[in-house]
Amino acid sequence: MNIIEAVYQKGILKPLQHLNLPDNTRVRVQVIPSEEMLAENRFKQHLVELGLLNEVRVPHKIIEEDRIPIKVKGKPLSQAIIEERC
């Protein structure tokens with residue numbers, strides 16, 4: 001049994017790390033909000049009540065495995081910046 005962390009966004013639980021499971025594998029999930037997250041959410045909700053925040057938003061996490069590098073023509077940006085400064 002693995003214990004993982006996930007983010008709940010728009011009705012979907014999104015794992016924060018890769019799961020070594022085939023597509024369409026059924027799993028059983030027990031949802032236990034972390035104490036740290038509960039405290040942070042209470043703090044943010046308090047800021048909303050004070051009028052210091054308009055709403056509490058869930059940050060979007062980027063999973064590195066989902067990133068696909070693109071090929072860019074020309075020299076690397078770092079090289080172009082160095083040349084421009086000289």
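Residues numbered from 1 in each chain as written. Predicted model: local features only at pLDDT ≥ 70, side-chain atom pairs only at ≥ 80, totals over all residues. Heavy atoms only, no water.

Q: What's the story with unusual backbone geometry in this structure? I'm lost.
A: Generally, phi is negative for residues other than glycine and the peptide bonds are trans, each holding for most cases. The phi dihedral of K10 is positive, around 50°, even though this residue is not glycine. Mapping K10 onto the fold places it in the loop between β1 (6–9) and β2 (12–15). Note on K10: relative accessible area 85%, which makes it exposed. (Helix = DSSP H or I, 4+ residues; strand = E, 2+ residues; numbered from the N terminus. Buried < 20%, exposed > 50% of the residue type's maximum accessible area, 1.4 Å probe, protein only.)

Q: Looking at this structure, how should I read the layout of surface pockets?
A: Where empty space is left in the structure can be found by rolling a water-sized probe over the atoms. One number sums up the size of the largest pocket: a volume of about 1,600 Å³. If you trace the largest pocket, you find 38 residues lining it, with I4, E5, A6, V7 and L13 closest to the centre. Per-element tally for the lining of the largest pocket: the top contributor is helix α1 (residues 35–49), with 6 residues. (1 Å grid on protein atoms, 1.4 Å probe; cavity = no way out; pocket = protein on both sides within 12 Å on 5 of 7 lines; lining within 4 Å. Points joined across faces, edges and corners; volume = space filled by probe spheres on them.)

Q: Help me out: how do you make sense of the confidence of the model for the chain in this one?
A: Residues shown with low pLDDT carry predicted positions that ought not to be read at fine detail. A residue-level look at the chain finds 95% of positions with pLDDT of 70 or above and a mean pLDDT of 84. By mean pLDDT, β1 is the weakest element of the chain at 84, and helix α2 (residues 77–85) is the strongest at 91. (pLDDT = per-residue confidence, 0-100.)

Q: How should I be thinking about the pairing of β2 in this particular structure?
A: Successive side chains on a regular strand alternate, one facing one side of the sheet and the next facing the other. Strand direction decides the pairing type here: β1 and β2, joined by 4 bridges, are antiparallel. When the bridges of β2 are listed, V7 appears paired with K14. Hairpin geometry of β1 and β2 is characterised by an intervening segment of 2 residues between the two adjacent antiparallel strands and by a positive phi of about 50° at K10. (Pairing = 2+ DSSP bridges.)

Q: Before we go on, may I ask you to explain the pattern of salt bridges in this structure?
A: Between side chains of opposite charge, pairing is possible as soon as their charged atoms come close. A complete count under the given rule lists 2 salt bridges for this structure. One salt bridge connects E40 with K44, and the closest N-O pair in it is separated by 2.9 Å. Note that E40 and K44 are positioned in helix α1 at a spacing of 4 residues, about one turn of the helix. E83 is the partner of K75 in a salt bridge, and the nearest nitrogen-oxygen pair spans 2.5 Å. Classification of E83 as partly exposed rests on a relative accessible area of 39%. (Salt bridge = Lys/Arg side-chain N within 4 Å of Asp/Glu carboxyl O.)

Q: It is not clear to me how the environment of A39 should be interpreted in this structure. Could you clarify?
A: Note on placement: A39 falls in helix α1. Classification of A39 as partly exposed rests on a relative accessible area of 36%. Taking the C-alpha atoms as reference points, A39 and E5, separated by 34 residues in sequence, lie 16 Å from one another.

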